[in-house]
Every structure is written in structure tokens, then in C-alpha cells.
Amino acid sequence: MRKYGVVDTTFSRVDMGSIAVKTIRAEDPDAEIVRYTVPGIKDLPVAAKRLLEEGCDGVITLGWVGKSMLDKYSYLAASIGLIMAQLLTSKHIIDVTVHEDEAEDEEKLKEIAIDRVKKHAINLVKLVRDGRTALTPYAGKGLRQGYEHAGPID
Amino acid sequence: MRKYGVVDTTFSRVDMGSIAVKTIRAEDPDAEIVRYTVPGIKDLPVAAKRLLEEGCDGVITLGWVGKSMLDKYSYLAASIGLIMAQLLTSKHIIDVTVHEDEAEDEEKLKEIAIDRVKKHAINLVKLVRDGRTALTPYAGKGLRQGYEHAGPID
Amino acid sequence: MRKYGVVDTTFSRVDMGSIAVKTIRAEDPDAEIVRYTVPGIKDLPVAAKRLLEEGCDGVITLGWVGKSMLDKYSYLAASIGLIMAQLLTSKHIIDVTVHEDEAEDEEKLKEIAIDRVKKHAINLVKLVRDGRTALTPYAGKGLRQGYEHAGPID
Amino acid sequence: MRKYGVVDTTFSRVDMGSIAVKTIRAEDPDAEIVRYTVPGIKDLPVAAKRLLEEGCDGVITLGWVGKSMLDKYSYLAASIGLIMAQLLTSKHIIDVTVHEDEAEDEEKLKEIAIDRVKKHAINLVKLVRDGRTALTPYAGKGLRQGYEHAGPID
Amino acid sequence: MRKYGVVDTTFSRVDMGSIAVKTIRAEDPDAEIVRYTVPGIKDLPVAAKRLLEEGCDGVITLGWVGKSMLDKYSYLAASIGLIMAQLLTSKHIIDVTVHEDEAEDEEKLKEIAIDRVKKHAINLVKLVRDGRTALTPYAGKGLRQGYEHAGPID
């Protein structure tokens, strides 16, 4: 049976973990879902790796990043770590990140977060359950998460 | 028999995967080609590694990168990841990336993407099929992908 | 029996190691605590890894970073290293960092350091002793260490 | 018998590979030299690692980097990759890089490239053939490759 | 018996290697000291790893970094590499770096280099010979190498 991991943070200002769990459950009702909550983005890679080692077929991580230069350096370190965790396990970790400077307005930021989590949770299910060509019909289509799709250049 | 991997994204605004498949098929008609589509550039390294582990002799990845500083940090993380995936498998991953700020004009951007994919798909075939000196006649020749060749300094 | 590691530096201007030891002891009185002191942040990753290899279940590292661009590059390298140490051991290292440019005032800087160490030491105990859902009630709550909690976006 | 690897690129505007081969041959006439040509700098790490795995005692890589910020990020990723390739094999890779913004004048750029390759090819032979103290007489002497030596501070 | 490694460069404008050897010898007279000289900072990580694999208990590396942005990127790559070398061997590499833009005056730069090497060579001996709590009496004391100690915030 399929098993998905959801890793979220207490730093985040939106409960993205619950949205991810709900979306995965709707998309793949028979699967098992395991949740793991850590303080911040730099704690995501090891949590994701632990879930993959405990049998998850894929993981979605839900990061929230502040506005300062240092926050961006932490984002870079966490991104490298999440990619390394994938290379060490040969499994997908879909890395959802919301940056506090993506919108001036808190409501807009929340909308971005919700849209991004939902779309990427579905991406995770497609990759894990349906395999490497499940997203191929959408290749080059300019899909965006958190925003309107950009669409292909005709 | 040779086997090539093509990894592309749904983020891209040009269907670079199809161009890569077509170019490799024309260049090396007897080879097998496997395609893998992921959401964005940070998902490329693990997909490429999976294909190499499943028997591909070489992989071409096709990334599309936005204009913001954060996109560039994601580019850096993905680039490090793609290099690590190569070091862990000792096989080539030719990393094609198009940046949205390479051209103001969408048509120009598409031209860059097409030219870059075609030239690098041929590079991949040469390295995989013909070996480590296949490109030596062009060493130091200032070849460019996506642009006119710069040429050697005489 | 649980065993925690505390790694601090001689570069730091606040004795964060003692605060971490005290906080962990109050939070988890039966546990063993091991302390390790190194010169600066770039020495933290290997010290943390050594403690984890010697049987610690989790480690808290306590870094102090100067104001210059170079200090920030060192921060980035150390952050990547701490994440890699976690991936190599599959255990948590809670990475507490105080940046000298977080406050103009030395007293304020000390307050930030103390608050951050205390809150993160408790986070470490929760993750190590109580497991992957111990922090889930606080997921998405906008918790901050060193500052007031930002709170969730309603 | 000693065996050296030379890895160069088709992106380079100077045929640095031939210069490296010639210099190593003059410096260590009995040794075997293997050449490997790749498209660009991000392809250097895996090529160098392959040569080291096939028995080379040391490798010189010859990178050429454009002027844009993105080229510099690629340089950073390639540099990290080349260091990782060395750590994974415990052998030296002397990493020669020429940046297009090092000189306004093409002829000057070519001079820099030639001087840098020659001096570093000799460094490689010294390290591989003569061992870890071969360069010790020059320690702290402010040697430069591509430029005049800076000399020691007296 | 204890064995220390000293890795320095020909790029450096101060013979920091000799200072390190002298300081370690004075601090731990019975120990063996092995020296290794490489061209520049990007060659330090593999040299340090080789010494650790050949039996050194700890290594001090002595880097000298130019003023340009590219030099700083090389510094970042080398720093990551030195941390990875430590994680792969679980031994300390004390990473001493002098940046040419730390002082306008050459004499001042030399003073910084000498002070930094001496203090860090002693740090290395303390960690290797006396263990993980040898520096704990100085934890949080604001110690600086190359400059006056900043001291603790009272």
C-alpha cells in the first residue's frame, strides 16, 4: 500500500500540513499518511529522510521563509539538503516553500500557501502512484503553484 | 543497447522534453529513450538519478527558471544537486537550463530553448555513444548553446 | 535512556551552552547531557556528528555569527554542514544561531540569544522524547524563537 | 606508472586542454595522459571523477566562465562539485578557471589562460609525482597563476 | 601518539604553515606533525582528508583569500568542502582563513594572519589532546582570532 509523508513547521503562519493531509487523502483515499512537525525549514531534510527510511514512498515538505537575507540563505541550505535527502533515498520530496515577501497582504499570502500546497500535494500523488510519465501531458505547459498558470509559449 | 533519459518539467513554458526526445532519436536511432516529467527544477536531480539507476547511460535534464532572486537560489541548489547525482552514479547528466530573463521577448526565449536543447541533446549522444574524446575536436572552440557560437580567440 | 548533546562555541558572546544544559535538564530530568565546545560555527557540524555517533539521540548547536558578508558565507557553509550531518546520521540537530546584526543593543542581543536557546532546547526534547507529532499542535502557529511569536494568519 | 587526466570544455575560447597536455608531457615525459572533453563547467566534476576511477593519479580541469551572475552561480556549483569529487576519491583535481571578466581585451584573456594552465599543470605534476611537500618551499610565497606572483609580505 | 596535520598554500602571502608547525610543537612537544602544501584554498579539503586518512588526529588548514567576489565564492566552496571532509572522517579540521580585504595595510594583514594561526593551532591541540570540554571554560567568552577578543556580554 502507498504511504505518504507530510512534514510541516511551527514557524509557518498557515497550517499547510492539514491542507496537505486533506488533499492527499482526497486524491488517494486508500493510502496511509504520516505527519511530522519540526520547528523550521532547516529541520525539514532530516525529517523527510526519516519518513522515507520508515517506508514512505514520497514526502511533501512545507516550508515558510522570512524576508531577510539570512532567511534566504537558510532557504538555500534547506533546498540543498532536501535535494541531498532525495539523492540518498532515490525517492521524491516535493518541496513547497512560501516566502513572506511574496505578498504584502497576509490574506494573499495565505491564498498562495493554500494553492501551492494543494497543487503540489496532487503532484506528489501523481508521481508516487502513477509514475514518471503521469505529469508528461503537462510538460512545458507553464504550470504554476501559488499563482495562475503562466501557460506555454505558443 | 544504449538508453537515454530525458527529464523535463511542467513549470517550463516550452515543451523541451519532446524536442530532446526527437533530437536523440534522430541522432541515435537504435537507442531507447525514457522520459520523466516532474514539477520543477528542484525535482530534477532525483528523477535523473532514478533513471540512471534503472539503466540509463546518460540523462538530459531540461530546467526552466524564473526571474527572481529566489529562482536563482533554486537554480543554484538544483545545479549542485545535479552535479552530486552525477558524482554518485559516475554518469553524465547534461543540464539544460533556460532563464526567463535571458530574453525580453517570448519568441526569442523559445528560440533559445529550442537551440539549447537540440545542441545539448547531441552533446549527450556524443558523450554516451562516442566517449570521452568525441567532443575534443571542438575543445576551446567557444561553442554556445542557445546563442551563436562565440568562437575561439585567435 | 535519552542522551542529548549540546555544542557551543568560544566565539559566542553569550554562554548559550549553559542555558541549553539547564533547560534540557529541567525539561527532561532523567536524561544524560553531553557538552562539546568548539571555536566557531564552522566547527559545529563535525562536533555534532561525533556526539550523535557516540550515542546522543539529538543535538542542539549554538552558533554566533558576525556582521560581515564573510560571516554570512560561513553561516551558509555551516548550515549546509549541519543539515548534511543530520542526513548522514538520520537524527535531529537543532541549529540555534544568533547574528550580531539582529540588534543594535548588546542587551537586546543577549535577550534574543537566551530566548532562542530556551525555546529550541525544549523543541529538541519534544522531538527526541515525544516524537514526530509532539510539535504538531503548534504546526502553522507562527512560532518564533528570539522574538515574539508571529502567530497564525487567520 | 603515473597517469594524469586532462578535462576541458567546448565552451572555452582557448584550447587549454592542448596546453595542459603539452606541459604535463614536458614536465613528466614518462607518464600517461588521458584527455576528456565536455560541454561546460558543470560537466567537469563527473568527468574528472570518471578519470580518477579509471586509474588517473590526478586530474586538471580547465573551466571557462561567462560574465553574468548566473555564470558565477554555475561556477560556484562546479567548484563545490569538483571538491566533492576529490573528497570521494581522495585524489587531487587541480581546478583551473578563467573568467571572461578578468580582462577587457581578448588577447589579455588568452595570456591569462595560457599562464594559468601552464603553472597549474606543473603544480599537478609536483603534487602527484613528488608528493605533499613538493610545493612546501613555495608556501606563503604569494604565487599567482594567470598573473604576476604577488610575493610574500616581508 | 598524537599526530597533527598542517595544510598550507603557495597562494598565501604569509608562511602560516611554519607558524602552525612551531605553535603545535611548543604546545604538544611529543606529537608528530605532518605538513602538506597545495596551490590554493580549493585544494585544501582533499589534502586535509588525505592526512586524516593517513592517521592524523586533527588538521589545521591555512587559507588566504583574495578580494574579489569570485574569491569569496571560492571561499564558500572551500568552506563547504572542509566541513564535508570533517563529516566524512569525523575528525576536526580547524579552518584558518585570512582575507586580503581584512586590512588595508600589509603589515596589519600579516599580524592578523600570525595571531589567527597561533590561536587556532592551540585550539586544535586542545580539541585533539584534551577533548570535547577542553574549550568549555571559554564558551561564550567572545574569543576572537586575528583580533582582540570581543569578550562576553555581561
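So, here is what we can say about the structure in this document. Each chain has its residues counted from 1, running along the sequence as written. Lettering of chains starts at A and numbering of ligands starts at 1, both following the order in which they are written. Given that the model is predicted, a residue must reach a pLDDT of at least 70 before its local features are reported, and side-chain atom pairs must reach 80 or more before they are shown or counted; all residues, however, enter totals for whole chains, interfaces and linings.

Overview of the overall build of chain A
Comment: elements are numbered from the N terminus, with helices defined as DSSP H or I runs of at least four residues and strands as E runs of at least two. The helix and strand inventory of chain A stands at 4 helices and 4 strands. Secondary structure of chain A in N-to-C order comes out as β-α-β-α-β-α-β-α. The principal-axis extents of the C-alpha atoms in chain A amount to approximately 40 × 40 × 25 Å. Here exposure depends only on C-beta density: within 10 Å of a residue's C-beta, 20 or more other C-beta atoms make it buried, 12 or fewer make it exposed, and intermediate numbers make it partly exposed, the C-beta atoms being placed from the backbone. The proportion of buried residues among the 154 residues of chain A is 56%. Counted over contacts in chain A with a minimum sequence separation of 6, partners at least 24 positions apart contribute 70%. Throughout, a residue-residue contact means that the two C-beta atoms, derived from backbone geometry, are no farther apart than 7 Å.

Things to note about the environment of B:G131
Here B:G131 is to be found in the segment after α4 (106–130). Spatially, the C-alpha atoms of B:G131 and B:Y36 are 25 Å apart, while their sequence positions differ by 95 residues.

Quick notes on the sheet that holds strand β3 (residues 58–65) of chain B
Residue and element names in this part refer to chain B. Read across the sheet, 4 strands follow the order β2-β1-β3-β4 without closing on themselves; strand pairing throughout is parallel. Lying at the two open borders of the sheet, with one neighbouring strand each, are β2 (32–38) and β4 (92–99). Adjacent strand axes in the sheet meet at a mean angle of 15°, parallel and antiparallel pairs treated alike. Here β3 pairs with β4 via 8 bridges, running parallel. Among the inter-strand pairings, V65 is bridged to a residue of β4, identified as H99. To obtain each axis, a line is fitted to C-alpha atoms, and for helices this fit is confined to the stretch in contact; angles are then taken between N-to-C directions over 0 to 180 degrees. α4 rests against β1 (3–9), β3 and β4 of the sheet, and its axis sits at about 175° to β4. Strand pairing is defined by DSSP finding a minimum of two bridges between the two strands.

Digging into the relation of the copies chain B and chain A
Superposition of chain B onto chain A requires a rotation of 72° combined with a translation of 0.0 Å along the rotation axis, giving an RMSD of 0.0 Å. A rotation of that kind, with that shift, is consistent with a five-fold axis. Closest to the rotation axis within chain B is the C-alpha of B:I80, separated from it by 6.3 Å. Of all interface residues in chain B, a mere 9% are interface residues in chain A too; the two copies therefore contact each other through different surfaces. In superposing the copies, a least-squares fit is computed on C-alpha atoms, taking residues whose pLDDT is at least 70 in both.

Here we look at the pairing of strand β1 (residues 3–9) of chain E
Regular strands show a simple pattern: their side chains alternate between the two faces of the sheet. Residues and elements named next belong to chain E. Burial analysis of β1 places 6 of its 7 residues in the buried class, the great majority of the element. As paired strands, β1 and strand β2 (residues 32–38) are joined by 7 bridges and run parallel to one another. When the sheet's bridge partners are listed, V7 is paired in β2 with Y36. This β-α-β element, β1 to helix α1 (residues 16–27) to β2, shows right-handed connectivity. Here the term right-handed applies to a crossover when the path leading from its first strand over the helix to its second strand runs clockwise, the strands being oriented away from the viewer.

A short note on the pairing of β1(B)
Across 4 bridges, the pairing between β1(B) and β3(B) is parallel. Its bridge partner being in β3(B), B:G5 is matched across the sheet by B:V59.

Regarding the interface of chain B and chain A
With 35 residues of chain B at the contact, the number on the chain A side is 29 residues. Mapped onto the side of chain B that touches chain A, the elements with two or more residues apiece are β1, α1 (16–27), β2, α2 (44–53), α3 (69–89) and α4 of chain B. Residue contributions to the side of chain B that touches chain A peak at 10 residues, all from α3(B). By the convention adopted, Pro, Cys, Tyr, Trp, Phe, Met, Ile, Leu, Val and Ala count as nonpolar, Lys, Arg, Asp and Glu as charged, and the other residues, Gly among them, as polar. Looking at the side of chain B that touches chain A, its residues break down into 17 nonpolar, 7 polar and 11 charged.

Some remarks on the interface of chain B and chain D
Chain B puts 29 residues into the contact, and the matching count from chain D is 35 residues. Counting only elements with at least two residues in the side of chain B that touches chain D, the list comes to α3, β4 and α4 of chain B. Looking at which element gives the most residues to the side of chain B that touches chain D, the answer is α3(B), with 9 residues. Each residue belonging to the side of chain B that touches chain D can be placed in one class, and the counts come to 14 nonpolar, 11 polar and 4 charged.

Section: the relation of the copies chain B and chain D
Taken as rigid bodies, chain B and chain D are interconverted by a rotation of 72° and an axial shift of 0.0 Å, the fit giving an RMSD of 0.0 Å. Of the interface residues in chain B, just 10% have counterparts in chain D that sit at the interface too, so the contact is made through distinct surfaces.

Some thoughts on the arrangement of the chains
You won't find any contact between chain B and chain C; their C-alpha atoms come no closer than 11 Å. What separates chain A from chain D at the closest point of their C-alpha atoms is a distance of 11 Å, and the two make no contact.

Brief notes about the packing of helix α2 (residues 44–53) of chain C against helix α3 (residues 69–89) of chain E
Orientation of α2(C) relative to α3(E), taken along the N-to-C sense of each, is 15°, at an axis distance of 9 Å. With respect to their mutual orientation, α2(C) and α3(E) come out roughly parallel. Taken as a pair, α2(C) and α3(E) cross one another with a handedness that is right-handed. Contacts between α2(C) and α3(E) involve C:P45, C:V46 and C:K49 from the former and E:I83, E:Q86 and E:L87 from the latter. When describing relative orientation, an angle under 35 degrees is termed roughly parallel and one over 145 degrees roughly antiparallel, while 65 to 115 degrees is termed roughly perpendicular and anything else oblique. Each crossing is labelled by how the near helix is turned from the far one, with a counterclockwise turn of less than a right angle marking it left-handed and a clockwise turn marking it right-handed.

Quick notes on the sheet that holds strand β4 (residues 93–99) of chain E
Residues and elements named next belong to chain E. With parallel pairing, the 4 strands of this open sheet are ordered in space as β2-β1-β3-β4. Each edge of the sheet is formed by a strand with only one pairing partner; in this case those strands are β2 and β4. Across the sheet, the mean angle from the axis of one strand to that of its neighbour is 15°, orientation sign disregarded.

As for helix α2 (residues 44–53) of chain D
All names here are of chain D. In terms of residue burial, α2 counts as a mostly covered element, since 9 of its 10 residues are buried. Looking at α2, one finds that the buried residues are L44, P45, V46, A47, A48, K49, R50, L51 and L52. With its phi angle positive at about 110°, G55 sits one or two positions after the end of α2.

A closer look at the environment of E:A134
Residue and element names in this part refer to chain E. Assignment of secondary structure puts A134 in the segment after α4 (106–130). Sequence-wise, A134 and H99 are 35 residues apart; in three dimensions their C-alpha atoms are separated by 28 Å. Among all residues touching A134, those that are not within four sequence positions of it are K126 and L127.

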